[in-house]
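# Observations on the three-dimensional arrangement
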Amino acid sequence: QIETGKILGFETMLRWNHPRKGMLKPAQFMQYAEETNLILPLGEWALKDALETQKQLSERCGYPVTVWMNVSEQQLLDPTVLRRFERVIDESGVPNKYIAFDISEDIFINQSELAIEPLKSLLKQGHSVAIDNFGVGEKPLGNLKQLPVNTLKIHPTFIQRIERSEKDRKIVQTIMKITRDLRFGVIAVGVENEQQKAFLHQVGCLVMQGNLLSEPMNKEDI
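Basis of the calculations
Residues numbered from 1 in each chain as written. Predicted model: local features only at pLDDT ≥ 70, side-chain atom pairs only at ≥ 80, totals over all residues. Heavy atoms only, no water. Phe/Tyr/Trp six-rings, centres within 6.5 Å; stacked < 30°, edge-to-face > 60°. Helix = DSSP H or I, 4+ residues; strand = E, 2+ residues; numbered from the N terminus. Buried < 20%, exposed > 50% of the residue type's maximum accessible area, 1.4 Å probe, protein only. Lys NZ or Arg CZ within 6 Å of the ring centre and 35° of its normal. Axes fitted to C-alpha atoms, helices over the stretch in contact; angles between N-to-C directions. Parallel < 35°, antiparallel > 145°, perpendicular 65-115°, else oblique. Left-handed = near helix turned anticlockwise from the far one by under 90°. Contact = heavy atoms within 4.5 Å. Nonpolar A, V, L, I, M, F, W, Y, C, P; charged D, E, K, R; others polar. Pairing = 2+ DSSP bridges. Salt bridge = Lys/Arg side-chain N within 4 Å of Asp/Glu carboxyl O.

Tallied over the entire structure, the rule returns 2 aromatic pairs. Summarising the aromatic geometry, the rings of F85 and F101 are spaced 6.2 Å apart at their centres and angled 10 degrees between planes, so their arrangement reads as stacked. On the criterion of sequence distance, the pair formed by F85 in helix α4 (residues 81-92) and F101 in strand β5 (residues 99-104) is long-range, its members being 16 residues apart. In terms of burial, F85 and F101 fall into one category: buried. A cation over a ring is seen here: K6 above Y63, with NZ or CZ 4.5 Å from the ring centre. Positioned over the ring face of W68 is K153, at 4.4 Å from the centre of the ring.

A few words now on the packing of helix α2 (residues 39-61) against α4. Two numbers describe a pair of packed helices, the interaxial angle and the distance between the axes. Following both chains from N to C, one finds α2 and α4 inclined at 25 degrees, their axes separated by 10 Å at the closest point. Considered as vectors, α2 and α4 are oriented roughly parallel to each other. You can see that α2 and α4 cross each other, and the crossing is right-handed. Counted together, L40, P41, G43, E44, L47, K48, L51 and K55 of α2 and V81, R84, F85, R87, V88, I89 and S92 of α4 form the full contact between these two elements. Of the residues in the contact of α2 with α4, the class split is 8 nonpolar, 2 polar and 5 charged.

For the rest of this paragraph, the subject is the pairing of strand β8 (residues 185-189). Both faces of the sheet carry side chains from a regular strand, because those side chains alternate between them. With respect to burial, β8 is a largely interior element, 4 of its 5 residues being buried. Across 4 bridges, the pairing between strand β7 (residues 151-154) and β8 is parallel. Its bridge partner lying in β8, I154 is registered against A188. In this sheet, strand β9 (residues 207-209) lies alongside β8 in parallel orientation, the contact comprising 3 bridges.

Once that is clear, we can look at the sheet that holds β9. An order of β1-β4-β5-β6-β7-β8-β9 is seen for the 7 strands of this open sheet, with the pairing classed as parallel. In this open sheet, the two edge strands, each paired with only one partner strand, are β1 (9-11) and β9. Going across the sheet, the axis of each strand differs from the next one's by a mean of 25 degrees, ignoring polarity. Packing of α2 onto the sheet brings it into contact with β1, β4 (66-71) and β5, and relative to β4 it is tilted by some 165 degrees.

On to the side chain of T66, then. Following the sequence through the fold, T66 ends up in strand β4. For T66, a relative accessible area of 16% gives the class buried.

Pairing is possible between side chains that carry opposite charge, provided their charged atoms lie close to one another. Scanning all chains against the criterion turns up 12 salt bridges. Close ionic contact of K153 with E11 constitutes a salt bridge, the shortest N to O distance being 3.5 Å. With K153 in strand β7 and E11 in strand β1, the pair connects residues that are 142 residues apart, well separated along the chain. For E11, a relative accessible area of 25% corresponds to the partly exposed category. The partner of E117 in a salt bridge is K120, with the nearest N and O atoms 3.7 Å apart. Here the residue E117 and the residue K120 both occupy positions in helix α6 (residues 112-124), the gap between them amounting to 3 residues, near one helical turn. By relative accessible area, E117 is classed as exposed at 51%. Assessed through its relative accessible area of 45%, K120 is described here as partly exposed. A cluster of three or more residues bridged by salt bridges with shared partners is formed by E44, R84, R87 and E91.

Have a look at this one:
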């Protein structure tokens, strides 16, 4: 939370500690997981781990925190996945309002009609649903009111050019105005310094994430 500094939540970031290649990021293995359908059991395992971590982090913070998790297009469009997710969440005992999902903006471009009902279901269950890396895709801003999401995560490239680019400052201001009008939540992603934080506070952004707070770290080290 920009004004108070209170930690509101954590984003889960999957890594694979490969025995020969070392620590791999999702871009280095996720396509293989999707091609082999391993993405489905992998996603279920990641959700279970994230929910257990949510309980541990909430205990450390002394209040409930939200855990954010990315959902791929393949997961979202598989009719069995959300039912399996719902079962895992019920078994965990974590309230739905503290479990949030990031959706790639590309999903709305490629599979917009098919994505609508699963996302409506997530919202109806009380989850937050965000368009991740918002602002660089081809989806017009005016179409936002038709999408079943309640949060936008502003793409870090806009945030990281705030100090030197009037154009990017205007883009962020425009996003903020539209989201206020539509009553969307907003999270500025990739905040790296106090100047960026100050500008975001000035234009009314309430929540940020990025290396100014902390670089990604192992959950045991938080």
